[in-house]
Amino acid sequence: MDNTQTPGSQGDGETAALARPEAKIDAKPEAGAGARPEAQTDIKLLRELYRQMLVIRRVEEAAAKAYAQGKMGGFLHLGIGQESVCVGAIAALRAEDYAVATYREHGHCIAKAGATIDVCKGVLAELMGKSTGISRGLGGSMHLFDARHRFLGGYGIVGGHVPLAAGVAYASKYRGLPEVTLCFFGEGSANQGAFHEGLSLAGLWKLPIVLSARTTSTRWARRSTARWPCPT
Ligand SMILES: Cc1ncc(C[n+]2csc(CCOP(=O)(O)OP(=O)(O)O)c2C)c(N)n1
Ligand SMILES: [Mg+2]
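Residues numbered from 1 in each chain as written. Chains lettered and ligands numbered in written order. Predicted model: local features only at pLDDT ≥ 70, side-chain atom pairs only at ≥ 80, totals over all residues.

What to know about the packing of helix α2 (residues 43–68) against helix α5 (residues 117–127)
For the record, the criterion: A fitted line through C-alpha atoms serves as each axis, taken over the contacting stretch for helices, and the angle formed by two N-to-C directions is quoted from 0 to 180°. Runs of E in the DSSP output that reach at least two residues are strands. Runs of H or I that reach at least four are helices, and both are numbered from the N terminus. Roughly parallel means an angle under 35 degrees; roughly antiparallel, over 145; roughly perpendicular, 65 to 115; everything else is oblique. Left-handed describes a crossing whose near helix is turned anticlockwise from the far helix by less than a right angle; the clockwise case is right-handed. Note that contacts rest on C-beta atoms placed from the backbone: two residues are in contact if these are within 7 Å. Under the scheme applied here, ten amino acids are nonpolar (Ala, Val, Leu, Ile, Met, Phe, Trp, Tyr, Cys and Pro), four are charged (Asp, Glu, Lys and Arg), and all others, including Gly, are polar.
Where α2 meets α5, the closest approach of the two axes is 11 Å, and the angle between their N-to-C directions is 25°. Relative to α5, α2 is oriented roughly parallel. Considering only the axes of α2 and α5, their crossing is right-handed. For the pair α2 and α5, contact is made by Val55, Val59, Ala62 and Ala63 and by Cys120, Val123, Leu124 and Leu127, respectively. Class assignment of the residues belonging to the contact of α2 with α5 gives a composition of eight nonpolar, no polar and no charged.

As structure tokens, then:
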């Protein structure tokens, strides 16, 4: 039996999506949004990208509603308005490539899996802390993880995920595998030492990593100009 499969994962979609706790990162990745090397900027592709953006928007709207109703514990950091960033960038990946994101990662997780109904259910279940969630209900909003589609988090420590992504890229290079790691970060990451260490290692070792910066001047905390010595 393929070790990416679990007893429930070959049957109906609902069980299949959620039954992935044993998934191994080394296992053959499932085809998701990134699995389209032949993709061209044609109307079919644009329609698919728009569909994915819409799916992410609807999931986050549903999450916001559930959060307001007290159905979710902890924090809920939405990426409404930024759907195109994750969908567009992840569309350039292949299934074997990795994506690593920040704590505002719902869209990235959904896009890496191709915005299927299964991944949406897994994400929403995770936000509600259910054992059927994509991280078995142990993570919640900031800790989505989907090894099966090579989405490796979801991290709450701002900037701390950059060296982790560099480590993933290092592993690919060390093993001689033609994989790329796409690491998303917000401008807030640039305040963290780990961010600079990660970039330094990536540059020194010429790692197969792509860093995608997203400036959101007024999101979680104060405007970035209040935290930065120069405008972003
Ligand atoms: C190391 C660390 N310091 C502080 C925080 C508190 N914190 C949570 S979100 C945030 C702002 C992050 O800004 P950015 O990375 O640009 O993400 P955005 O909210 O704009 O998407 C901060 C400072 C944290 N989570 N981790
Ligand atoms: Mg920001």
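And the narrative resumes.
What to know about the pairing of strand β2 (residues 181–186)
Just so we agree on the cut-off: Field definition: a residue is buried when 20 or more other C-beta atoms are found within 10 Å of its C-beta, exposed when 12 or fewer are, and partly exposed for counts in between, with C-beta atoms placed from the backbone. By this definition, two strands are paired if DSSP reports at least two bridges between them.
Counted residue by residue, β2 has six buried out of six residues, so it is predominantly covered. Of the two faces of β2, the one holding Thr181, Cys183 and Phe185 and the one holding Leu182, Phe184 and Gly186 are both buried throughout. Examined bridge by bridge, β2 and strand β3 (residues 209–214) share six bridges and lie parallel to one another. For Phe184, the partnering residue across the bridge sits in β3 and is Ser212.

Structural notes on the nonpolar core
Our working rule: We define the nonpolar core as any set of buried residues of the types Ala, Val, Leu, Ile, Met, Phe, Trp, Tyr and Cys, connected via C-beta atoms lying within 7 Å of each other.
With 44 residues, the main nonpolar core has Ile110 and Val123 as its most contacted residues. At the level of elements, α2, α3 (83–90), β1 (98–100), α4 (106–112), α5, α6 (161–174), β2 and α7 (193–204) are the ones that each hand at least two residues to this core. The greatest single-element share of this core, amounting to six residues, is contributed by α2. Setting aside its immediate chain neighbours within four residues, Ile110 contacts Val55, Ile56, Val59, Ala115, Val119, Cys120 and Val123.

Brief notes about the sheet that holds β2
Taken together, the three strands give an open sheet; going across it, the order is β1-β2-β3, and neighbouring strands pair in parallel fashion. Of all strands in the sheet, those bounded by a partner on one side alone are β1 and β3. The sheet shows a mean angle of 20° between the axes of neighbouring strands, taken without regard to direction. The pairing of β1 with β2 spans three bridges and is classified as parallel. Of the residues in β2, the one forming a bridge with Ala99 is Leu182. Strand contacts of α3: β1, β2 and β3, with the helix running at about 165° to β2, the strand carrying the most contacts. With respect to the sheet, α6 is in contact with β1, β2 and β3, its orientation differing from that of β2 by roughly 170°.

Remember, this is a structural readout, not a statement about activity or role.
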